[in-house]
Amino acid sequence: MHYFSEILPSLISGTGMTLSIFFWTIIVSVPLGILVGLGMKTKFKPLTWLIDIYVWLMRGTPLLLQLIFVFYGLPIIGIVFQRYDAALFAFILNYTAYFAEIFRGGLQAIPIGQYESARVLRLTRWQTLRKIVIPQVVKIVLPSIGNEVINLVKDSSLVYVIGLGDLLRAGNVAMARDVTIAPMLLVGVIYLLLTAVCTLALHQLEKHYSAWR
Amino acid sequence: MLELKGITKKFGGKTILDDVNLTVEDGKILTIVGPSGAGKTTLLRCISGLAEVDGGKFILDGQTFDPATNRDNDAVIGVVFQDYQLFPNLTVLQNVTLAPTMVLKQSTNDAKREGKRLLDQLNLSDKADLYPYELSGGQKQRVAIVRALAMHPKLLCYDEPTSALDPDLRREVQQIIVKLRDEGITQIVVTHDIPFAEAIADQMMRVEPKN
(Lines give C-alpha, C1' and ligand atoms only; values in the text may rest on other atoms or scores of the structure.)
Protein backbone atom coordinates (compact mmCIF):
# COMPACT_ATOMS: atom_id res chain seq x y z
CA MET A 1 0.00 0.00 0.00
CA HIS A 2 2.80 2.31 0.94
CA TYR A 3 4.50 1.48 -2.34
CA PHE A 4 1.37 2.34 -4.31
CA SER A 5 1.11 5.78 -2.73
CA GLU A 6 4.77 6.32 -3.55
CA ILE A 7 4.39 5.67 -7.27
CA LEU A 8 0.92 7.17 -7.61
CA PRO A 9 2.07 10.79 -8.26
CA SER A 10 4.15 9.76 -11.28
CA LEU A 11 1.28 7.63 -12.61
CA ILE A 12 -1.14 10.52 -12.16
CA SER A 13 1.12 12.86 -14.04
CA GLY A 14 1.30 10.23 -16.81
CA THR A 15 -2.49 10.06 -16.77
CA GLY A 16 -2.50 13.83 -17.41
CA MET A 17 -0.67 13.27 -20.69
CA THR A 18 -3.02 10.39 -21.61
CA LEU A 19 -6.08 12.55 -20.94
CA SER A 20 -4.69 15.55 -22.78
CA ILE A 21 -4.05 13.47 -25.94
CA PHE A 22 -7.48 11.91 -25.52
CA PHE A 23 -9.49 15.11 -25.16
CA TRP A 24 -7.78 17.10 -27.90
CA THR A 25 -8.08 14.21 -30.33
CA ILE A 26 -11.81 13.85 -29.64
CA ILE A 27 -12.50 17.57 -29.75
CA VAL A 28 -10.80 18.02 -33.12
CA SER A 29 -11.39 14.64 -34.80
CA VAL A 30 -15.13 14.35 -34.34
CA PRO A 31 -16.07 17.61 -36.12
CA LEU A 32 -13.36 16.98 -38.74
CA GLY A 33 -14.71 13.47 -39.18
CA ILE A 34 -18.17 14.90 -39.91
CA LEU A 35 -16.71 17.26 -42.52
CA VAL A 36 -14.61 14.55 -44.20
CA GLY A 37 -17.60 12.18 -44.05
CA LEU A 38 -19.66 14.82 -45.86
CA GLY A 39 -16.80 15.29 -48.30
CA MET A 40 -17.00 11.60 -49.22
CA LYS A 41 -20.57 12.16 -50.33
CA THR A 42 -19.91 15.07 -52.70
CA LYS A 43 -20.11 14.68 -56.44
CA PHE A 44 -16.76 16.45 -56.90
CA LYS A 45 -14.64 13.42 -57.83
CA PRO A 46 -11.11 14.77 -57.16
CA LEU A 47 -12.15 15.49 -53.56
CA THR A 48 -13.56 12.02 -52.99
CA TRP A 49 -10.44 10.43 -54.49
CA LEU A 50 -8.24 12.50 -52.22
CA ILE A 51 -10.30 11.47 -49.20
CA ASP A 52 -10.24 7.83 -50.28
CA ILE A 53 -6.44 7.89 -50.44
CA TYR A 54 -6.21 9.63 -47.08
CA VAL A 55 -8.52 7.11 -45.39
CA TRP A 56 -6.68 4.22 -47.02
CA LEU A 57 -3.32 5.51 -45.69
CA MET A 58 -4.64 6.14 -42.19
CA ARG A 59 -6.46 2.85 -41.82
CA GLY A 60 -3.96 0.87 -43.82
CA THR A 61 -0.89 1.54 -41.67
CA PRO A 62 -0.34 1.17 -37.92
CA LEU A 63 -0.88 4.27 -35.81
CA LEU A 64 2.51 3.52 -34.25
CA LEU A 65 4.15 3.86 -37.66
CA GLN A 66 2.26 7.10 -38.30
CA LEU A 67 3.55 8.54 -35.03
CA ILE A 68 7.12 7.63 -35.91
CA PHE A 69 6.70 9.04 -39.39
CA VAL A 70 5.27 12.38 -38.20
CA PHE A 71 7.96 12.90 -35.56
CA TYR A 72 11.05 11.44 -37.23
CA GLY A 73 10.07 11.43 -40.88
CA LEU A 74 8.50 14.81 -41.58
CA PRO A 75 11.57 16.79 -40.42
CA ILE A 76 13.35 15.38 -43.50
CA ILE A 77 11.09 17.55 -45.65
CA GLY A 78 11.38 20.47 -43.26
CA ILE A 79 8.25 19.98 -41.16
CA VAL A 80 9.31 19.84 -37.53
CA PHE A 81 6.86 19.19 -34.70
CA GLN A 82 7.42 19.23 -30.96
CA ARG A 83 6.88 15.79 -29.48
CA TYR A 84 3.46 16.60 -28.08
CA ASP A 85 2.29 18.37 -31.25
CA ALA A 86 3.53 15.48 -33.37
CA ALA A 87 1.52 13.04 -31.24
CA LEU A 88 -1.64 15.15 -31.48
CA PHE A 89 -1.19 15.64 -35.22
CA ALA A 90 -0.84 11.91 -35.84
CA PHE A 91 -3.74 10.99 -33.55
CA ILE A 92 -6.07 13.58 -35.07
CA LEU A 93 -5.22 12.49 -38.63
CA ASN A 94 -5.73 8.85 -37.74
CA TYR A 95 -8.93 9.18 -35.76
CA THR A 96 -10.50 11.62 -38.21
CA ALA A 97 -10.24 8.91 -40.87
CA TYR A 98 -12.07 6.39 -38.69
CA PHE A 99 -14.70 8.91 -37.60
CA ALA A 100 -15.22 9.97 -41.23
CA GLU A 101 -15.94 6.39 -42.26
CA ILE A 102 -18.40 6.04 -39.39
CA PHE A 103 -20.17 9.30 -40.28
CA ARG A 104 -20.30 8.30 -43.94
CA GLY A 105 -22.17 5.17 -42.92
CA GLY A 106 -24.52 7.27 -40.80
CA LEU A 107 -25.15 9.73 -43.62
CA GLN A 108 -26.05 6.89 -45.96
CA ALA A 109 -28.70 5.73 -43.52
CA ILE A 110 -30.70 8.97 -43.83
CA PRO A 111 -33.51 8.47 -46.37
CA ILE A 112 -33.46 10.76 -49.41
CA GLY A 113 -37.03 11.73 -48.49
CA GLN A 114 -35.70 13.68 -45.50
CA TYR A 115 -33.62 15.87 -47.82
CA GLU A 116 -36.55 16.26 -50.22
CA SER A 117 -38.98 17.20 -47.51
CA ALA A 118 -36.49 19.80 -46.23
CA ARG A 119 -36.06 21.05 -49.78
CA VAL A 120 -39.76 21.64 -50.41
CA LEU A 121 -39.84 23.55 -47.12
CA ARG A 122 -37.10 25.68 -48.70
CA LEU A 123 -34.50 24.97 -46.04
CA THR A 124 -30.98 25.59 -47.30
CA ARG A 125 -28.53 22.73 -47.57
CA TRP A 126 -26.69 23.89 -44.47
CA GLN A 127 -29.91 24.26 -42.44
CA THR A 128 -30.96 20.78 -43.53
CA LEU A 129 -27.64 19.32 -42.40
CA ARG A 130 -27.55 21.14 -39.10
CA LYS A 131 -31.15 20.72 -37.98
CA ILE A 132 -32.21 17.45 -39.58
CA VAL A 133 -29.41 15.31 -40.94
CA ILE A 134 -26.62 15.65 -38.37
CA PRO A 135 -28.81 15.02 -35.29
CA GLN A 136 -30.11 11.84 -36.90
CA VAL A 137 -26.64 10.76 -37.98
CA VAL A 138 -25.22 11.34 -34.50
CA LYS A 139 -27.88 9.11 -32.99
CA ILE A 140 -27.11 6.36 -35.49
CA VAL A 141 -23.33 6.48 -35.09
CA LEU A 142 -23.08 6.90 -31.32
CA PRO A 143 -22.41 3.21 -30.56
CA SER A 144 -19.62 3.04 -33.17
CA ILE A 145 -18.16 6.34 -32.03
CA GLY A 146 -18.20 4.95 -28.51
CA ASN A 147 -16.04 2.04 -29.63
CA GLU A 148 -13.46 4.39 -31.10
CA VAL A 149 -13.50 6.60 -28.03
CA ILE A 150 -12.68 3.63 -25.79
CA ASN A 151 -9.98 2.56 -28.25
CA LEU A 152 -8.49 6.03 -28.15
CA VAL A 153 -8.02 5.88 -24.37
CA LYS A 154 -5.82 2.83 -24.85
CA ASP A 155 -4.22 3.87 -28.16
CA SER A 156 -2.89 6.99 -26.46
CA SER A 157 -0.28 4.71 -24.84
CA LEU A 158 1.49 4.59 -28.22
CA VAL A 159 2.95 8.06 -27.65
CA TYR A 160 5.82 6.41 -25.70
CA VAL A 161 7.43 5.72 -29.07
CA ILE A 162 8.27 9.38 -29.58
CA GLY A 163 9.36 9.84 -25.99
CA LEU A 164 6.26 11.26 -24.36
CA GLY A 165 5.52 10.28 -20.78
CA ASP A 166 1.99 8.94 -20.56
CA LEU A 167 0.35 6.61 -18.03
CA LEU A 168 1.70 3.34 -19.43
CA ARG A 169 5.20 4.74 -19.70
CA ALA A 170 5.09 5.98 -16.11
CA GLY A 171 4.17 2.46 -15.04
CA ASN A 172 6.90 1.01 -17.22
CA VAL A 173 9.53 3.26 -15.65
CA ALA A 174 8.48 2.27 -12.13
CA MET A 175 8.41 -1.41 -13.08
CA ALA A 176 11.96 -1.32 -14.50
CA ARG A 177 13.30 0.66 -11.57
CA ASP A 178 11.72 -1.35 -8.75
CA VAL A 179 11.67 -4.71 -10.52
CA THR A 180 8.02 -5.43 -9.69
CA ILE A 181 4.81 -5.86 -11.70
CA ALA A 182 2.85 -3.91 -9.07
CA PRO A 183 2.91 -0.54 -10.92
CA MET A 184 1.36 -2.21 -13.96
CA LEU A 185 -1.53 -3.44 -11.84
CA LEU A 186 -2.21 0.12 -10.84
CA VAL A 187 -1.87 1.23 -14.46
CA GLY A 188 -4.49 -1.33 -15.44
CA VAL A 189 -6.86 -0.08 -12.76
CA ILE A 190 -6.45 3.52 -13.90
CA TYR A 191 -7.18 2.58 -17.54
CA LEU A 192 -10.27 0.71 -16.38
CA LEU A 193 -11.44 3.77 -14.45
CA LEU A 194 -10.91 6.00 -17.48
CA THR A 195 -12.81 3.70 -19.82
CA ALA A 196 -15.57 3.26 -17.23
CA VAL A 197 -16.08 7.03 -17.14
CA CYS A 198 -16.20 7.09 -20.97
CA THR A 199 -18.70 4.24 -21.02
CA LEU A 200 -20.96 6.00 -18.53
CA ALA A 201 -20.77 9.28 -20.44
CA LEU A 202 -21.61 7.47 -23.70
CA HIS A 203 -24.59 5.77 -22.06
CA GLN A 204 -25.86 9.14 -20.90
CA LEU A 205 -25.51 10.50 -24.43
CA GLU A 206 -27.37 7.54 -25.89
CA LYS A 207 -30.09 8.03 -23.32
CA HIS A 208 -30.36 11.68 -24.31
CA TYR A 209 -30.84 10.64 -27.93
CA SER A 210 -33.40 7.95 -27.07
CA ALA A 211 -36.12 10.60 -26.62
CA TRP A 212 -36.98 10.07 -30.28
CA ARG A 213 -36.72 7.24 -32.79
CA MET B 1 -53.60 29.92 -61.03
CA LEU B 2 -51.05 27.34 -62.08
CA GLU B 3 -50.63 26.36 -65.71
CA LEU B 4 -48.46 23.62 -67.15
CA LYS B 5 -47.66 23.83 -70.84
CA GLY B 6 -46.11 20.98 -72.77
CA ILE B 7 -44.34 19.45 -69.79
CA THR B 8 -42.06 16.61 -70.87
CA LYS B 9 -39.92 14.42 -68.67
CA LYS B 10 -37.61 11.59 -69.65
CA PHE B 11 -35.68 9.06 -67.61
CA GLY B 12 -32.86 7.59 -69.64
CA GLY B 13 -34.44 6.99 -73.04
CA LYS B 14 -37.94 6.55 -71.66
CA THR B 15 -40.46 9.35 -71.87
CA ILE B 16 -42.48 9.43 -68.67
CA LEU B 17 -44.40 12.65 -69.26
CA ASP B 18 -45.16 13.62 -72.81
CA ASP B 19 -46.54 17.09 -73.48
CA VAL B 20 -48.65 17.43 -70.34
CA ASN B 21 -50.94 20.46 -70.29
CA LEU B 22 -53.07 21.40 -67.33
CA THR B 23 -54.53 24.34 -65.47
CA VAL B 24 -55.42 24.54 -61.80
CA GLU B 25 -57.69 27.41 -60.81
CA ASP B 26 -57.09 29.16 -57.50
CA GLY B 27 -58.89 27.53 -54.62
CA LYS B 28 -59.74 24.38 -56.56
CA ILE B 29 -58.76 20.75 -56.21
CA LEU B 30 -57.17 18.96 -59.14
CA THR B 31 -56.81 15.22 -58.83
CA ILE B 32 -54.40 13.30 -61.00
CA VAL B 33 -55.35 9.66 -61.35
CA GLY B 34 -53.97 6.72 -63.24
CA PRO B 35 -52.37 3.33 -62.74
CA SER B 36 -48.94 2.80 -61.21
CA GLY B 37 -46.15 3.70 -63.55
CA ALA B 38 -48.20 6.28 -65.41
CA GLY B 39 -46.02 9.14 -64.18
CA LYS B 40 -48.37 10.66 -61.58
CA THR B 41 -45.73 10.98 -58.93
CA THR B 42 -43.18 12.17 -61.47
CA LEU B 43 -45.55 14.92 -62.50
CA LEU B 44 -45.97 15.93 -58.87
CA ARG B 45 -42.20 15.92 -58.37
CA CYS B 46 -41.81 18.21 -61.38
CA ILE B 47 -44.45 20.61 -60.10
CA SER B 48 -42.86 20.71 -56.66
CA GLY B 49 -39.38 21.19 -58.07
CA LEU B 50 -37.89 17.89 -56.93
CA ALA B 51 -37.34 16.79 -60.50
CA GLU B 52 -36.30 18.89 -63.47
CA VAL B 53 -38.36 18.79 -66.63
CA ASP B 54 -36.92 18.20 -70.08
CA GLY B 55 -39.35 20.53 -71.81
CA GLY B 56 -42.36 22.78 -71.34
CA LYS B 57 -43.07 25.56 -68.91
CA PHE B 58 -44.80 26.35 -65.65
CA ILE B 59 -46.83 29.53 -65.27
CA LEU B 60 -47.95 30.68 -61.82
CA ASP B 61 -50.31 33.67 -61.72
CA GLY B 62 -49.27 34.63 -65.25
CA GLN B 63 -45.54 34.42 -64.59
CA THR B 64 -43.25 31.74 -65.92
CA PHE B 65 -41.24 30.01 -63.23
CA ASP B 66 -39.03 27.00 -62.83
CA PRO B 67 -39.95 25.07 -59.67
CA ALA B 68 -36.61 23.24 -59.68
CA THR B 69 -34.54 26.41 -59.35
CA ASN B 70 -36.96 29.05 -58.13
CA ARG B 71 -37.29 27.70 -54.66
CA ASP B 72 -36.13 30.93 -53.10
CA ASN B 73 -38.87 33.21 -54.36
CA ASP B 74 -42.48 33.36 -53.28
CA ALA B 75 -43.62 30.63 -55.63
CA VAL B 76 -44.15 28.31 -52.74
CA ILE B 77 -45.47 24.84 -53.35
CA GLY B 78 -46.12 22.66 -50.34
CA VAL B 79 -45.87 18.89 -50.53
CA VAL B 80 -47.38 16.15 -48.37
CA PHE B 81 -45.36 13.05 -49.15
CA GLN B 82 -46.79 9.58 -49.34
CA ASP B 83 -44.64 8.50 -46.39
CA TYR B 84 -44.98 11.96 -44.75
CA GLN B 85 -41.23 12.36 -44.11
CA LEU B 86 -41.64 14.12 -40.80
CA PHE B 87 -38.33 14.90 -39.10
CA PRO B 88 -37.99 12.19 -36.42
CA ASN B 89 -35.59 14.23 -34.27
CA LEU B 90 -38.05 17.11 -33.84
CA THR B 91 -41.31 17.26 -31.93
CA VAL B 92 -44.55 17.83 -33.81
CA LEU B 93 -44.48 21.56 -33.06
CA GLN B 94 -40.79 21.83 -33.98
CA ASN B 95 -41.51 20.04 -37.26
CA VAL B 96 -44.10 22.71 -37.99
CA THR B 97 -42.13 25.78 -36.86
CA LEU B 98 -38.67 24.86 -38.22
CA ALA B 99 -39.12 26.23 -41.74
CA PRO B 100 -41.19 29.32 -40.76
CA THR B 101 -38.46 30.41 -38.33
CA MET B 102 -35.45 29.49 -40.48
CA VAL B 103 -36.77 30.34 -43.93
CA LEU B 104 -39.51 32.94 -43.41
CA LYS B 105 -37.59 34.42 -40.44
CA GLN B 106 -40.65 34.47 -38.24
CA SER B 107 -39.94 34.97 -34.55
CA THR B 108 -40.08 31.78 -32.50
CA ASN B 109 -43.17 33.04 -30.68
CA ASP B 110 -45.05 33.95 -33.85
CA ALA B 111 -44.17 30.64 -35.46
CA LYS B 112 -45.29 28.73 -32.36
CA ARG B 113 -48.56 30.64 -32.14
CA GLU B 114 -49.30 30.05 -35.82
CA GLY B 115 -48.18 26.42 -35.56
CA LYS B 116 -50.43 25.78 -32.58
CA ARG B 117 -53.36 27.40 -34.33
CA LEU B 118 -52.89 25.14 -37.37
CA LEU B 119 -52.40 22.03 -35.21
CA ASP B 120 -55.57 22.95 -33.38
CA GLN B 121 -57.46 23.19 -36.68
CA LEU B 122 -56.53 19.63 -37.54
CA ASN B 123 -57.23 18.32 -34.03
CA LEU B 124 -53.60 17.86 -33.13
CA SER B 125 -53.28 20.37 -30.30
CA ASP B 126 -52.54 17.67 -27.70
CA LYS B 127 -49.80 16.19 -29.89
CA ALA B 128 -47.59 19.29 -30.13
CA ASP B 129 -44.86 17.98 -27.83
CA LEU B 130 -44.80 14.39 -29.07
CA TYR B 131 -42.20 12.98 -31.44
CA PRO B 132 -43.32 11.55 -34.79
CA TYR B 133 -42.73 7.93 -33.71
CA GLU B 134 -45.44 8.41 -31.08
CA LEU B 135 -48.10 9.23 -33.69
CA SER B 136 -50.41 7.03 -35.76
CA GLY B 137 -50.24 7.13 -39.55
CA GLY B 138 -53.24 9.45 -39.84
CA GLN B 139 -51.80 11.82 -37.24
CA LYS B 140 -48.45 11.88 -39.02
CA GLN B 141 -50.21 12.80 -42.23
CA ARG B 142 -52.07 15.66 -40.55
CA VAL B 143 -48.79 16.92 -39.08
CA ALA B 144 -47.30 16.80 -42.58
CA ILE B 145 -50.24 18.87 -43.84
CA VAL B 146 -49.82 21.40 -41.02
CA ARG B 147 -46.09 21.58 -41.66
CA ALA B 148 -46.73 22.42 -45.31
CA LEU B 149 -49.49 24.92 -44.47
CA ALA B 150 -47.26 26.80 -42.04
CA MET B 151 -45.22 27.97 -45.04
CA HIS B 152 -48.34 29.59 -46.56
CA PRO B 153 -48.07 27.72 -49.86
CA LYS B 154 -49.86 28.97 -52.94
CA LEU B 155 -50.38 25.37 -53.85
CA LEU B 156 -50.45 22.23 -51.78
CA CYS B 157 -49.62 18.87 -53.38
CA TYR B 158 -50.37 15.41 -52.00
CA ASP B 159 -48.75 12.19 -53.17
CA GLU B 160 -51.09 9.21 -52.65
CA PRO B 161 -52.63 10.58 -49.45
CA THR B 162 -54.89 7.56 -48.89
CA SER B 163 -52.45 4.76 -49.65
CA ALA B 164 -51.62 3.99 -46.00
CA LEU B 165 -54.98 4.83 -44.43
CA ASP B 166 -57.96 2.74 -43.38
CA PRO B 167 -61.48 3.77 -44.59
CA ASP B 168 -62.21 6.00 -41.57
CA LEU B 169 -58.99 7.90 -41.95
CA ARG B 170 -59.57 8.12 -45.67
CA ARG B 171 -62.82 9.97 -44.98
CA GLU B 172 -61.00 12.16 -42.52
CA VAL B 173 -58.32 13.27 -44.99
CA GLN B 174 -61.09 13.83 -47.53
CA GLN B 175 -62.79 16.21 -45.11
CA ILE B 176 -59.53 18.00 -44.43
CA ILE B 177 -58.80 18.52 -48.12
CA VAL B 178 -62.31 19.83 -48.78
CA LYS B 179 -62.13 22.10 -45.74
CA LEU B 180 -58.83 23.55 -46.94
CA ARG B 181 -60.39 24.18 -50.33
CA ASP B 182 -63.19 26.09 -48.65
CA GLU B 183 -60.50 28.21 -47.03
CA GLY B 184 -59.20 29.02 -50.50
CA ILE B 185 -56.18 26.74 -50.73
CA THR B 186 -55.35 25.36 -54.16
CA GLN B 187 -54.55 21.66 -54.06
CA ILE B 188 -53.26 18.95 -56.36
CA VAL B 189 -53.86 15.36 -55.28
CA VAL B 190 -52.12 12.45 -56.95
CA THR B 191 -53.89 9.15 -56.26
CA HIS B 192 -54.75 5.79 -57.73
CA ASP B 193 -57.86 5.74 -55.51
CA ILE B 194 -60.51 6.76 -58.03
CA PRO B 195 -63.55 6.94 -55.70
CA PHE B 196 -61.52 9.18 -53.40
CA ALA B 197 -60.42 11.33 -56.32
CA GLU B 198 -64.00 11.67 -57.56
CA ALA B 199 -65.21 12.64 -54.11
CA ILE B 200 -62.87 15.59 -53.76
CA ALA B 201 -62.11 16.71 -57.30
CA ASP B 202 -63.14 19.96 -58.92
CA GLN B 203 -61.13 18.77 -61.88
CA MET B 204 -59.75 15.37 -62.71
CA MET B 205 -56.88 14.46 -64.93
CA ARG B 206 -56.08 10.96 -66.10
CA VAL B 207 -52.60 9.88 -67.00
CA GLU B 208 -51.77 6.67 -68.79
CA PRO B 209 -48.45 4.83 -69.01
CA LYS B 210 -46.44 5.58 -72.15
CA ASN B 211 -44.97 2.72 -74.08
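The name given to chain B in an unreviewed UniProt entry is Amino acid ABC transporter ATP-binding protein, and the organism recorded there is Levilactobacillus fujinensis.

As recorded in an unreviewed UniProt entry, chain A goes by the name Amino acid ABC transporter permease, listed as coming from Levilactobacillus fujinensis. As recorded by UniProt, the Sequence similarities (unreviewed entry) comment attached to chain A reads in full: "Belongs to the binding-protein-dependent transport system permease family."

Trainee: What exactly am I supposed to notice about the interface of chain B and chain A here?
Mentor: It is common to give the size of an interface as the accessible area that goes away when the parts come together. Listed by partner, the interface residues are 20 residues for chain B and 17 residues for chain A. The set of elements that each furnish at least two residues to the side of chain B that touches chain A consists of strand S6 (77–80) and helix H2 (92–102) of chain B. Along the lines of polarity and charge, the residues of the side of chain B that touches chain A split into 13 nonpolar, 4 polar and 3 charged.

Trainee: What am I meant to see in the sheet that holds strand S7 (residues 155–159) of chain B here?
Mentor: Adjacent strands of a sheet pair through backbone hydrogen bonds, lying either parallel or antiparallel. Residue and element names in this part refer to chain B. Strand order across the open sheet formed by 5 strands is S6-S7-S8-S3-S9, with parallel pairing between neighbours. The sheet terminates laterally at S6 and strand S9 (203–206), the two strands that pair on one side only. Here the average twist between neighbouring strands, direction ignored, is 20°. Examined bridge by bridge, strand S3 (residues 29–33) and S9 share 4 bridges and lie parallel to one another.

Trainee: What is the right way to look at the sheet that holds strand S1 (residues 2–11) of chain B in this model?
Mentor: Residue and element names in this part refer to chain B. Across the sheet, 4 strands lie side by side as S2-S1-S4-S5; this open sheet has antiparallel pairing. The open sheet is flanked by strand S2 (14–24) and strand S5 (63–65), the only strands paired with a single partner. Along the sheet, successive strands turn relative to each other by an average axial angle of 30°, direction set aside. For strand S4 (residues 55–60) and S5, the ladder comprises 3 bridges, and the chain directions are antiparallel. Paired with Phe58 across the strands is Phe65, a residue of S5. Contacts from helix H1 (residues 40–47) reach S1 and S2, with the element oriented near 60° to S2.

Reading guide: rules and limits
- Numbers given to residues run from 1 along each chain, matching the order in which its sequence is written.
- Think of it this way: whatever chain is written first is A, whatever ligand is written first is 1, and the rest follow in order.
- Totals for whole chains, interfaces and linings use all residues, but because this is a predicted model, local features are given only for residues with pLDDT of at least 70 and pairs of side-chain atoms are given and counted only at 80 or more.
- UniProt positions are given in the numbering used here, feature names are shortened, and annotations may be inferred rather than shown by experiment.
- Residue pairs qualify as contacts under a 7 Å threshold applied to their C-beta atoms, which are placed from the backbone.
- Numbering of helices and strands starts at the N terminus; helices are DSSP runs of H or I of at least 4 residues and strands are runs of E of at least 2.
- Ten residues, namely Ala, Val, Leu, Ile, Met, Phe, Trp, Tyr, Cys and Pro, are considered nonpolar, four, namely Asp, Glu, Lys and Arg, are considered charged, and the remaining ones, Gly among them, are considered polar.
- Strands are treated as partners if at least two bridges between them are detected by DSSP.
- Orientation is described by lines fitted to C-alpha atoms, with helices fitted over the stretch in contact, and by angles between N-to-C directions that extend from 0 to 180 degrees.

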